[in-house]
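Chains, contacts and geometry: an overview
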Amino acid sequence: MTRQIIIDTDPGQDDAVAILLALASPELTVLGITCVAGNVPLALTSRNARMICELAGRPDMRVFAGCDRPLGRDLVTAEHVHGQSGLDGPVLPDPVMPLQAQHAVDFIIDTLRSQPAGSVTLCPLGPLTNIAMALEKAPDIIPRIREIVLMGGAYFEVGNITPTAEFNIYVDPQAARIVFRAGVPLVVVPLDVTHKVLVTKERNDAFRALGTRVGEAVAQMTEFFERFDLAKYGSPGAPLHDPCVTAYLLRPDLFTGRHINVEIEVQSELTMGMTVADWWRVTSRVPNALFLRDVDADGLFALFTERLGRL
Ligand code: RIB
Ligand code: CA
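An account of the accompanying structure is given in this report. The structure presented is a predicted model; accordingly, all values stated were derived computationally and were not measured. (Residues numbered from 1 in each chain as written. Chains lettered and ligands numbered in written order. Predicted model: local features only at pLDDT ≥ 70, side-chain atom pairs only at ≥ 80, totals over all residues. Heavy atoms only, no water.)

1. Points about the sheet that holds strand β2 (residues 28-35)
The strand order β3-β2-β1-β4-β5-β6-β12-β9 describes an open sheet built from eight strands, whose pairing is mixed. Unpaired on one side and paired on the other, β3 (63-65) and β9 (255-260) mark the two borders of the sheet. Within the sheet, the average angular offset between the axes of one strand and its neighbour, ignoring direction, is 25°. Summarising the sheet, strand β4 (residues 120-124) and strand β5 (residues 145-151) pair through three bridges and their orientation is parallel. (Pairing = 2+ DSSP bridges. Helix = DSSP H or I, 4+ residues; strand = E, 2+ residues; numbered from the N terminus. Axes fitted to C-alpha atoms, helices over the stretch in contact; angles between N-to-C directions.)

Below, the structure is given as structure tokens:
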């Protein structure tokens, strides 16, 4: 039995690699890809998602457009990281496959209502607007969700968009608070993990050495995407944030973390969007998330390269 997932995404080069990995992995059945405003506006994230599906040879995949702005704040985008298109790097053809007519939030609700309870995993890779809207609009789906495995947040690593907040959470902190308080089993892949998953030159050469369209496109994506982190952190390569979500679904043994309480700052502008992780369990707040901290990066890249080679 494959694992049924919905990928919610704001592509984004790293989202692209996460989607490619999922489409290359027979253990996973992608029921649909729902797009949200984040790295770039919704019109571009929903365009990029289709380009990625076509790159993977999957023009049959259902792609849905969702929310075009956060719940209670103006949209903040990240062209400085991902480029104007959100997918700068490779030159990919305009998408031919259609966008589904149904709103992403309604697709998430309908899918969770129609699939067996506990069979669908939600995999948010961007701001949590679509997920929060689905939970608010249809609370009956909450007990039907198997798990939410998301890329977002930071604790020991602190912020990447502000001194205290990671981008996905920062863009829509109200949505994040709804998701983190919903009582759904939650796995959080924070910067603490993803900043240890760096595409060094050797690792990028391995992507390129696949000698495929996908391998070349991924190599070009990460070569573009790494500029921001190299300049800011001096790191030896781009952190592959979102692919860690797909990798966790495939090989959870490559990760370690703790089941702790994580709350979201939604009031102070100084720390807006901070994931306040009670790693040392100094509060009486009830644990609500498996918060990951460590990863076998070499094992991850072996998995990435092997799977991308299948496309
Ligand atoms: O902070 C990293 C996250 O923000 C990643 O998901 C990246 O794609 C952006 O959405
Ligand atoms: Ca993303």
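2. Here we look at the nonpolar core
Core analysis: the largest hydrophobic core is formed by 68 residues, its most contacted members being Ile-33, Phe-207, Phe-255, Leu-300 and Phe-304. Looking at this core element by element, the count peaks at eight residues for helix α1 (residues 13-23). The residues touching Phe-255, leaving out its near neighbours within four places in the chain, are Val-193, Cys-244, Ala-247, Tyr-248, Leu-292, Asp-294, Val-295 and Leu-300. Counting 38 residues, the second-largest nonpolar core is a separate cluster that includes Ile-6, Ile-108, Ile-131 and Val-184. (Core = buried A, V, L, I, M, F, W, Y, C linked by side-chain atoms within 4.5 Å. Buried < 20%, exposed > 50% of the residue type's maximum accessible area, 1.4 Å probe, protein only. Contact = heavy atoms within 4.5 Å.)

3. Here we look at the environment of Gly-211
Considering the arrangement of structural elements, one finds Gly-211 in the loop between α9 (201-208) and α10 (213-233). Look at Gly-211 and you get exposed, because its relative accessible area is 66%. It is 30 Å that separates the C-alpha atoms of Gly-211 and Val-189, two residues lying 22 residues apart in sequence.

4. Overview of a nonpolar patch on the surface
A contiguous nonpolar surface patch, about 350 Å² in accessible area, is contributed by Phe-156, Trp-280 and Val-282. Position of Phe-156 relative to the elements: it lies in the loop between β5 and α6 (167-171). Phe-156 gets classed as partly exposed once you look at its relative accessible area, which sits at 32%. (Patch = residues over 30% accessible without salt bridge, like charges linked within 9 Å, V, L, I, M, F, W, Y side chains within 5 Å. Areas by Shrake-Rupley, 256 points an atom, 1.4 Å probe, with all protein chains shown as cover. Salt bridge = Lys/Arg side-chain N within 4 Å of Asp/Glu carboxyl O.)

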